[in-house]
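# Tertiary structure, described
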Amino acid sequence: MAKSKAMNSAFYFAQLKSYFNFWFEPFQAAALMTQENQPVHIKYQNLPDIGTLPGVAEVVSRYLQVGEGDVVLTNDPYSGGSTLTALNLLMGVNLEGKTNAKSPAEFTFCVRVNMKPHLHMTDTIEDEGVRIPPTPIRQGGKFNTELLKIISEHPHCPKNFLTTVEAVVAAMDRKVEQIKRDTQAAHLDWSKPRLKELFAETCKHFTHQLEHLASGEVEKEMTLESGEKLKLLLTLEEGKAKFDFTGSGPSAHLHLTYGATLGACIGAMVSVINTNLPLNAGIFEVFEVRAPQGSLVNAKYPAPVYQGLTDGAGLLANFILQCLGEIDLQHRFAHAGPSLCSFDLEFSNNLHFFDTLEPGMAASSFGRGVDALNPWQRSHLEPSIEEIERRYPLTVMSCSIRQKSGGSGNFEGGNGVTKAITVKTNCTLRWMITQASQKPEGEQGGKAASCAELYIQKAGQKEREKMPARGEFNMKAGDTVIMHSSGGGGYGGAA
Amino acid sequence: MSWTVGLYVGESFAEIAAKQDEGAHLPFQRWFLPHTPLDKGIQKYLTESGIDSVRQLRVATRLGRQMILRRLGQTPALLVTSGFEDWPEMNLPIKDPRFTIVPKRAAPPLANHLIFGLAERINAQGEVEKPLADEELEFLVAKLQMNKVDHVVLGLMHSTMNPEHERKAETYLRERGFKVYPSYAVNGTGSEKPRWWHATLNAYLEPAFKDVLKQISRGLGELGGEEPQVVLFRGDTAPHLDNWQAPLGSLFGAAQVFDQCRSEASDAVLYLGLEEFFLLPANAKSQVDWMSDFGRVYLPHPETRELHIQPTTLIGKSSYGCPNLTFEVGGFEPGPMCFGRGVKPLLFDILYLNDRLQGIEALRNHLTERMAGRIRETLSAYAREASNRSDFLSQDICRWIEETALNSLACEVRAHCQSKRLKLQGPLSPILGPLLAPRLPELEVTAFHAQNPPLAEFLVNSEVG
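Residues numbered from 1 in each chain as written. Chains lettered and ligands numbered in written order. Predicted model: local features only at pLDDT ≥ 70, side-chain atom pairs only at ≥ 80, totals over all residues. Heavy atoms only, no water.

### Side note on the overall build of chain B
Note the following rule: Secondary structure follows DSSP: runs of H or I at least 4 residues long count as helices, runs of E at least 2 residues long count as strands, and numbering of each begins at the N terminus. It is over C-alpha atoms that the radius of gyration is taken, and the globule rule equals 2.2 Å times the number of residues to the power 0.38. In this scheme, a residue with accessible area under 20% of its type's maximum is buried, one over 50% is exposed, and one in between is partly exposed, where area comes from a 1.4 Å probe on protein chains only. Whether two residues touch is decided by their heavy atoms; if any such pair falls within 4.5 Å, the residues are in contact. To measure how exposed things are, a 1.4 Å probe is used in the Shrake-Rupley method; for residues, cover is taken only from the protein chains shown.
Scanning chain B from terminus to terminus reveals 13 helices and 20 strands. Here chain B has a C-alpha radius of gyration of 24 Å; the compact-globule value for 465 residues is 23 Å, and the two agree. Overall size of chain B, expressed as C-alpha extent along the three principal axes, is 75 × 65 × 40 Å. Taking all 465 residues of chain B together, the buried fraction comes to 62%. Sequence separation of 24 or more characterises 66% of the internal contacts of chain B that already satisfy a separation of 6 or more. For chain B, the computed accessible surface area is about 18100 Å², with 48% contributed by carbon and sulfur atoms.

Rendered as structure tokens:
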């Protein structure tokens, strides 16, 4: 056989994507960023990850010099992060053999790890949990254990904070070592021209795929149940996607950061294009997102962000799909319930149980909606009823598909979930339902789905009481909370 | 004279080897199952070798893995605590790692209409909160009979804390002729779903394994002496006759053999077979669960890494407009294009075009030269977009895909081998080993066994408790 040529760029970039799949495998969400804050590869779990992983790397590099092996920790949504329970660990990495400890590393390896949320009914982020601004926790090979200990002693700090941080940093160290070895063995090229070529090639392919959608412009408004306005001017033309949220108002509960909004815009379009391309700077080039500061799509400190970065991001992505359907009639979607129905049972002894319920997916011109599936979340927990019942003083009475909760139509909307829990000791229940009073509408004659709802059935009583969209309730032993997530709207006139 | 026979049953290949009780070995045979069925292959080997008495036949197989992967088993009914009928299916993983408007959940080895609820409840402390009434079971039997189900899995909450209700249902159903798989017997896990999946998969695989056992019996025919003991290798317990009743453990039978045979626990073993590649990391700890494509399954086994790159990994068109390896395994049905039946190129076809497979005896008669042109055409068609802007030939494509496969293998081995020493084993190891070694310069890469014997010989020589 003749001596082979150097690998063609297309093959090389496809191979590089496989490498990232292996390198990022142990992490839920991760990104490799260049010194210029261009994402080389992003692995995401949810919509905010897409926009906030690059965001947090950018903020950190603006204020701190991260040398090779240095590690910075932050969970601050207003420093580019996601919710307060998402810890971001950023490590400086040199992949081209440079070892100057005094200059910033060529790349930032950013890993996000999600801790168990704790619901707080609050008006400011400071009461949502402990907020950690970008903080160097390892410099020149030395861990700042004192500082980590101080953070871990904060009353709102998650219990396993210290061990989690140590384990994730150790895993990052191993992966960096592996990336370096793989780079050497397979002659991977991290030079700026090669990366520029990677981004250009990705951009070209993504643009080409985007051009399969009809081009045009649509302006659409949505009024949230609390009365605030979400407004979007979406323009798809010449291979670019422009999102202008000018005119959107502030919100009472749903506060998205700019990064989360950017993530929702990119995530929604990626889902429609169904692209296999890796998420890197080449794809980001295609998007332009304008979000007025102080509006619900670009919240200002100190607005709390938990509900916005969970339910709000999904609501925004669903809204974008609605807008898109008006530009491209081949891609029409019914409405989906955006709420994950987060709820929290706080028992004595600092024991708290947190859970969410997945809504049903909306039907679309492509088929029926999937039952009990939030399409904007990649990793779905695999909880165990038996484990939950062993750890917490409660009995899960049932957990099932909420039959007939999806809207009917030629294509039915996906059904939501029903869960009933009886508590064995007194506790405090907190919950949040977004858009509780607005039924997810059908499309093209499809019917609306059922809304998310929460009921309390007191011990010994047959009647159950419907509760408001969010709140707090002191449950007594024997009381039962019954929660229903919404279905998805149906598509097409029902026969 | 009595013999011990080792038999490895793959998806498309089988291997057989024999050892006399006095220690003499016979050369092994490997054959292609679509051409020679299992029973005929066994008969042929015994006859040609003059074996007239078999003391023990030791079987390892990847049949279960294939049946689960391709969902070819027999779907049983599942009885769960009322209120949790949807629970097994509600958290099935989404296949796609990216956002998509058409997400699909992994298909479970169950059917919705065959999951029934039983009104009963045992709590986390093992106390009966709601007793299981006979009427519940009576009604259920009628439903099972109506659905013509004879394999029934029991998955009641907290049955490992208190198996009372499952035992009651088990007795009741057995008396009425059902084959019952209670989950209380799976007592190594405190989670209901891994336990339910374990019991379900045993029921799902049992009919096919029963059939294999029949084929083996036919293959053994009328031998002299005592009836041979046909034992099945598992990943957790010693090989045994009874293992045929709970065949799920056979998924890691081969891994268990290599785990036992390695001389140093600090050696990692990379098995490069015709049908599968897997890695046994060094100092392997026993694993409790197996991560199937539909969720966690309780299945104790030696720590094993099922590699992403497999011999029958499908080649598809990448998002950059060139052919590349997918994460999908094509298997041998219909198999590689070079065997004359497949329609999609596999890594196997790339190895064939790169002249890597010529030295493998068992493949020689199955490789179809006329297919080479068609494989090249398919690859060139996949590469059309990328080749518009550059000049390369189909040989280059094959080289680059092979290079990507080797790099991926090296990357995964590096990440998980946990050792400085890597031992290679399997029919493809003499071919792929020299190509892999330069990609793993930090490891000492050597053969597991100088003669690279087949798995069947390891079975024959392994210690059986």
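### Quick look at the interface of chain B and chain A
As a reminder of what qualifies: A quick way to say it: buried area is the sum, across both parts, of accessible area lost when two parts are put together, with a 1.4 Å probe. Salt bridges are defined by distance alone: a side-chain nitrogen of Lys or Arg within 4 Å of a carboxyl oxygen of Asp or Glu. Following the grouping adopted for this structure description, the nonpolar residues are Ala, Val, Leu, Ile, Met, Phe, Trp, Tyr, Cys and Pro, the charged ones are Asp, Glu, Lys and Arg, and the polar ones are all others, Gly among them.
Taken together, the contact between chain B and chain A spans 69 residues of the former and 77 residues of the latter. A buried area of about 6100 Å², summed over both sides, lies between chain B and chain A, and 56% of it is on carbon and sulfur atoms. Interface area lost by chain B to chain A is led by B:Phe99, B:Ile101 and B:Tyr320, which between them contribute 18%. Inspection of the region where chain B meets chain A yields four salt bridges. We note a salt bridge from A:Glu389 to B:Arg121, for which the minimum N-O separation is 2.4 Å. Elements with a minimum of two residues in the side of chain B that touches chain A: α3 (87-90), α6 (192-220), β15 (295-302), β18 (323-329), α10 (384-387) and α11 (394-416) of chain B. No other element matches α11(B), which puts 14 residues into the side of chain B that touches chain A. Residue composition of the side of chain B that touches chain A, by class: 26 nonpolar, 22 polar and 21 charged.

### A closer look at the domain arrangement of chain B
Residues and elements named next belong to chain B. Let me state the cut-off plainly: These domain boundaries are the output of an automatic or database domain assignment.
Assigned domains within chain B: domain 1 (3-67 + 208-257 + 457-461), domain 2 (72-205) and domain 3 (264-447). Taken over C-alpha atoms, the centre of domain 1 sits 26 Å from the centre of domain 3. Taken together, the 21 residues of domain 1 in the interface contact 24 residues of domain 3. Looking at the side of domain 1 facing domain 3, the largest losses of area belong to Phe13, Arg30 and Phe252, adding up to 30% of the total buried there.

### Overview of the packing of aromatic side chains
Any aromatic ring pair is given by two values, namely how distant the centres are and how the planes are angled relative to each other. Residues and elements named next belong to chain A. Here is the rule: For this analysis, a ring pair means two rings from Phe, Tyr or Trp (six-membered ring only for Trp) whose centres lie within 6.5 Å, classed as stacked if their planes differ by under 30 degrees, edge-to-face if by over 60, and tilted for the remaining angles. For a Lys NZ or an Arg CZ to count as sitting over a ring, it must be within 6 Å of the ring centre and within 35 degrees of the ring normal.
Here the structure, examined in full by the defined rule, presents 38 aromatic pairs over all chains. Centroid distance Phe27 to Phe109: 5.8 Å. Interplanar angle 75 degrees. Geometry classified as edge-to-face. In this pair, Phe27 is assigned in the loop between α1 (9-23) and β1 (29-34) and Phe109 in strand β5 (residues 107-114), connecting sequence segments 82 residues apart. Here Phe27 and Phe109 have matching classes, each one buried. Of the aromatic side chains, those joined through ring pairs into one cluster are Tyr19, Phe20, Trp23, Phe24, Phe27, Phe107, Phe109 and Trp190. When the ring centre of Tyr455 is taken as origin, the NZ or CZ atom of Arg464, which lies over that ring, is 4.2 Å away.

### Some points on empty space enclosed by the protein
As a reminder of what qualifies: Think of a 1 Å grid over just the protein atoms. A cavity is a set of points where a 1.4 Å probe fits yet cannot get out, a pocket is an open set with protein on both sides within 12 Å along at least five of seven lines, and lining residues have an atom within 4 Å of a point. Grid points are joined across faces, edges and corners, and a volume is the space filled by probe spheres set on the points.
Scanning the entire structure with this criterion turns up six cavities of 30 Å³ or more. Here the largest cavity is characterised by a volume of approximately 130 Å³. Tallied by class, the residues present in the lining of the largest cavity amount to ten nonpolar, five polar and no charged. Both of domain 2 (191-331) and domain 3 (333-495) of chain A provide at least three residues apiece to the lining of the largest cavity. Quantified by volume, the second largest cavity comes out at close to 90 Å³. Considering the residues around the second largest cavity, the lining is formed by B:Tyr8, B:Phe13, B:Glu15, B:Arg30, B:Tyr271, B:Gly273, B:Leu274, B:Glu275, B:Glu276 and B:Pro427. Grouping the constituent residues of the lining of the second largest cavity by class yields five nonpolar, one polar and four charged. Counting contributing residues, the lining of the second largest cavity receives three or more from each of domain 1 (3-67 + 208-257 + 457-461) and domain 3 (264-447) of chain B.

### Here we look at helix α7 (residues 253-261) of chain B
Taken as a whole, α7(B) has its buried residues at B:Gly253, B:Ala254, B:Ala255, B:Gln256, B:Val257 and B:Phe258. Contacts from the buried residues of α7(B) go to β12 (268-272), β13 (277-280), β15, β19 (421-425) and α13 (455-461) of chain B.

### Considerations on the packing of helix α1 (residues 38-49) of chain B against α6(B)
Residue and element names in this part refer to chain B. Here is the rule: Between N-to-C directions, angles cover 0 to 180 degrees, with each direction set by a line fitted to C-alpha atoms, over the stretch in contact for helices. When describing relative orientation, an angle under 35 degrees is termed roughly parallel and one over 145 degrees roughly antiparallel, while 65 to 115 degrees is termed roughly perpendicular and anything else oblique. What makes a crossing left-handed is the near helix being turned counterclockwise from the far one by less than a right angle; a clockwise turn instead makes it right-handed.
Packing of α1 against α6 leaves a shortest axis separation of 7 Å and a crossing angle of 30 degrees. Overall, the two elements α1 and α6 adopt an arrangement that is roughly parallel. Remark: the crossing between α1 and α6 carries right-handed chirality. Contacts between α1 and α6 involve Leu38, Asp39, Ile42, Gln43 and Leu46 from the former and Val212, Gln215, Ile216, Arg218, Gly219 and Leu220 from the latter. Looking at the contact of α1 with α6, its residues break down into six nonpolar, three polar and two charged.

### Quick look at the sheet that holds strand β6 (residues 115-118) of chain B
Adjacent strands of a sheet pair through backbone hydrogen bonds, lying either parallel or antiparallel. All names here are of chain B. Cut-off, in case you're wondering: DSSP calls a pair of strands paired once it identifies at least 2 bridges connecting them.
Strand order in this open sheet of four strands is β6-β5-β9-β10, and the pairing throughout is parallel. The open sheet terminates on both sides in strands that have one partner only, identified here as β6 and β10 (179-182). With strand direction ignored, the average angle separating the axes of adjacent strands in the sheet is 25 degrees. The pairing of strand β5 (residues 77-81) with strand β9 (residues 151-155) spans four bridges and is classified as parallel. Residue pairing in the sheet places Leu79 in a bridge with Leu154 of β9.

### Digging into the environment of B:Thr237
All names here are of chain B. The test is simple: Each polar contact in these results corresponds to two N or O atoms within 3.5 Å; when the atoms are within protein, one needs to be able to donate a hydrogen and the other to accept it, and residues that are neighboring in sequence are counted only if both atoms are side-chain atoms.
Relative to the helices and strands, Thr237 is located in the loop between β11 (229-232) and α7. Counting along the chain gives 117 residues from Thr237 to Glu120, while the straight-line C-alpha distance between them is 33 Å. When near neighbours in sequence (up to four residues on either side) are disregarded, Thr237 contacts Asn243 and Gln256. A distance of 3.4 Å separates polar atoms of two side chains, one belonging to Thr237 and the other to Arg234.

### Notes on the domain arrangement of chain A
All names here are of chain A. According to the domain assignment, chain A consists of domain 1 (9-189), domain 2 (191-331) and domain 3 (333-495). Computed from C-alpha coordinates alone, the two centres of domain 1 and domain 3 are separated by 33 Å. If you look at the interface, domain 1 gives twelve residues, while domain 3 gives 18 residues. Both faces combined, the contact of domain 1 with domain 3 buries some 1400 Å², and carbon together with sulfur accounts for 59% of it. In terms of surface lost to domain 3, no three residues of domain 1 exceed Gln45, Leu119 and Met121, which account for 45% of the buried area on that side. The interface formed by domain 1 and domain 3 includes zero salt bridges.

### Section: α1(A)
The cut-off we apply is this: By this rule the span expected of a helix is its residue count minus one, scaled by 1.5 Å.
Taking 1.5 Å per residue, 15 residues should reach 21 Å; α1(A) reaches 21 Å between its end C-alpha atoms and fits that length. Two to three positions downstream of the cap, the backbone nitrogen of A:Ala10 sits 2.8 Å from a side-chain oxygen, assigning the N-cap of α1(A) to A:Asn8.

### Comments concerning the pairing of β18(B)
Residue and element names in this part refer to chain B. Direction of pairing for strand β17 (residues 313-317) relative to β18: antiparallel, over a ladder of four bridges. Looking across to β18, one finds that Thr313 is bridged to Val329. Following β17, the chain reverses through five residues before pairing antiparallel with β18; Gly321 in that reversal takes a positive phi of roughly 75 degrees.

### Structural notes on the environment of A:Pro383
Checked against the element boundaries, A:Pro383 lands in the loop between β13 (352-355) and α9 (385-391). Residues A:Pro383 and A:Glu126 lie 257 residues apart in sequence; the distance between their C-alpha atoms is 30 Å. Those residues within four positions of A:Pro383 in sequence are excluded, and the remaining contacts are A:Ile388, B:Trp87, B:Asn91, B:Glu192 and B:Lys193.

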